[in-house]
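# Examining the three-dimensional arrangement
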Amino acid sequence: MDLFYGETLAVKSARISLRRGEVAAITGQSGSGKSSLLYCLAGVLPVARGEVRFDGRVLGELDDQELSALRRERFGFVFQYGELLPELTIEENTALPLRLAGHRKAAALTAAGEVLSRLGLADLRQRRPSQVSGGQSQRVAVARALVHQPAVVFADEPTGSLDSANATAVLDEFLSLARSQGTAVILVTHDVQVASRADSQYVMRDGVLSVLAREAA
Ligand SMILES: Nc1ncnc2c1ncn2[C@@H]1O[C@H](COP(=O)(O)OP(=O)(O)OP(=O)(O)O)[C@@H](O)[C@H]1O
Ligand SMILES: [Mg+2]
């Protein structure tokens, strides 16, 4: 696939496929096109050439409504700095994907409470994001990305703002929760150590994606 920003060709060539529950890691230097690739795969940015398929459907052929429903219901996102909504409590932040998908508040909060418990955050449910630590807020971001049991989670440096001990812990919890519910993960990371724990590893160099390692399916 190709992705242009005006005249800039940020993704020149990429071929990647994931099966259910697979964890794929993408490493590569700053500016090589990792985030841009993620946006294409998630249907956030359109590709100029090539296509992205999910569950047999080509994202570029969906209308805006279908695409946003797909992103909301089947995809989850974790960003580098968590990006929680400051005015909502931890449990409300976590429940957000379910609320957006039309679930009732009580049911959404119950499901959020369960995921938060699995990540060791049950006691923080009523707090606001400003009242928890950096590592805790990253865990909340992970909980929010997984609460609606999406098919795929797109994670762009999900532990980028944490020290290495905390990063490892959050990542362990993230991957084990994802694996337990059969959610595939596309993980962008600068950390080769982290990447080595994925089922398949790719590297982005100047807009070109190559496979480093792939587990036999
Ligand atoms: N909105 C934009 N408009 C124009 N150019 C952009 C835009 N976003 C990214 N780029 C360019 O596209 C290229 C790839 O950027 P991208 O953000 O995908 O890199 P990255 O691999 O995620 O880098 P990092 O590791 O620093 O996050 C870079 O040359 C960048 O300058
Ligand atoms: Mg990036």
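Going by the structure above, here's the rest.
A few points on the structure.

About the cut-offs
- Residues numbered from 1 in each chain as written.
- Chains lettered and ligands numbered in written order.
- Predicted model: local features only at pLDDT ≥ 70, side-chain atom pairs only at ≥ 80, totals over all residues.
- Heavy atoms only, no water.
- Near = heavy atom within 4 Å.
- Polar contact = N/O pair within 3.5 Å; in protein donor to acceptor, adjacent residues only side chain to side chain.
- Areas by Shrake-Rupley, 256 points an atom, 1.4 Å probe, with all protein chains shown as cover.
- Helix = DSSP H or I, 4+ residues; strand = E, 2+ residues; numbered from the N terminus.
- Axes fitted to C-alpha atoms, helices over the stretch in contact; angles between N-to-C directions.
- Left-handed = near helix turned anticlockwise from the far one by under 90°.
- Contact = heavy atoms within 4.5 Å.
- Nonpolar A, V, L, I, M, F, W, Y, C, P; charged D, E, K, R; others polar.
- Parallel < 35°, antiparallel > 145°, perpendicular 65-115°, else oblique.
- Salt bridge = Lys/Arg side-chain N within 4 Å of Asp/Glu carboxyl O.
- Buried < 20%, exposed > 50% of the residue type's maximum accessible area, 1.4 Å probe, protein only.
- Pairing = 2+ DSSP bridges.
- Core = buried A, V, L, I, M, F, W, Y, C linked by side-chain atoms within 4.5 Å.

In the neighbourhood of ligand 1, the contacting residues comprise Tyr5, Ala10, Gln29, Ser30, Gly31, Ser32, Gly33, Lys34, Ser35, Ser36 and His190. In this structure, an oxygen atom belonging to ligand 1 sits 3.2 Å away from a main-chain N or O atom of Ser32. One nitrogen or oxygen atom from the side chain of Ser36 is found 2.5 Å from an oxygen atom belonging to ligand 1. Here ligand 1 has 630 Å² of accessible area as a free molecule, and 56% of this is covered by the chains. Counting residues per element, the shell around ligand 1 draws most heavily on helix 1 (residues 34-41), at 3 residues.

Next up on the list: the packing of helix 3 (residues 90-100) against helix 4 (residues 105-118). Running from N to C, helix 3 and helix 4 cross one another at 120 degrees; their axes reach a closest spacing of 8 Å. By crossing handedness, the relation of helix 3 to helix 4 is classed as right-handed. Along its contact with helix 3, which presents Ile90, Glu91, Glu92, Thr94, Ala95, Leu98 and Arg99, the element helix 4 presents Lys105, Ala108, Leu109, Ala111, Ala112 and Leu116. Of the residues belonging to the contact of helix 3 with helix 4, the class tally is 8 nonpolar, 1 polar and 4 charged.

Right, let's get into the packing of helix 3 against helix 5 (residues 134-146). Where helix 3 contacts helix 5, the two axes come as close as 6 Å, and the packing angle between them is 30 degrees. One element, helix 3, and the other, helix 5, form an angle in the roughly parallel class. In the crossing of helix 3 with helix 5, the sense of the turn from one axis to the other is right-handed. For the pair helix 3 and helix 5, the contacting residues are Ile90, Asn93, Thr94 and Pro97 in the first and Val140, Ala143 and Arg144 in the second. Classifying every residue of the contact of helix 3 with helix 5 gives 4 nonpolar, 2 polar and 1 charged.

Now for the pattern of salt bridges. Per the stated rule, a full pass over the model turns up 12 salt bridges. The shortest N-O distance in the salt bridge between Arg74 and Asp55 comes to 3.3 Å. One end of the pair, Arg74, is in helix 2 (residues 64-74); the other, Asp55, is in the loop between strand 4 (53-54) and strand 5 (57-58), and 19 residues separate them in sequence. When its relative accessible area of 33% is taken as the criterion, Arg74 is described as partly exposed. Sharing partners across several salt bridges, the network here consists of Arg19, Glu22 and Arg214.

Further remarks concern the pairing of strand 2 (residues 8-11). With 3 bridges joining them, strand 1 (residues 3-5) and strand 2 adopt antiparallel strand pairing. The partner of Leu3 across the bridge, within strand 2, is Val11. In sequence, strand 1 turns back onto strand 2 through a hairpin of 2 residues, with Gly6 there showing a positive phi of about 55 degrees.

Within the largest apolar cluster, 37 residues are counted, with the highest numbers of intra-cluster contacts made by Val78, Leu119, Val142, Leu146, Phe174, Val185 and Leu187. Counting only elements with at least two residues in this core, the list comes to strand 3 (23-28), helix 3, helix 4, helix 5, strand 7 (152-156), helix 6 (164-180), strand 8 (184-188) and helix 7 (192-195). When residues in this core are grouped by element, the largest group, 7 residues, is from helix 6. Here Val185 is in contact with Leu18, Glu22, Val23, Ala24, Val153, Phe174, Leu175 and Ala178, once residues within four sequence places are set aside. Grouped together as the second largest cluster of nonpolar side chains are 27 residues, Ala10, Leu41, Val52 and Leu67 included.

In short, shape yes, function no, at least from these values alone.
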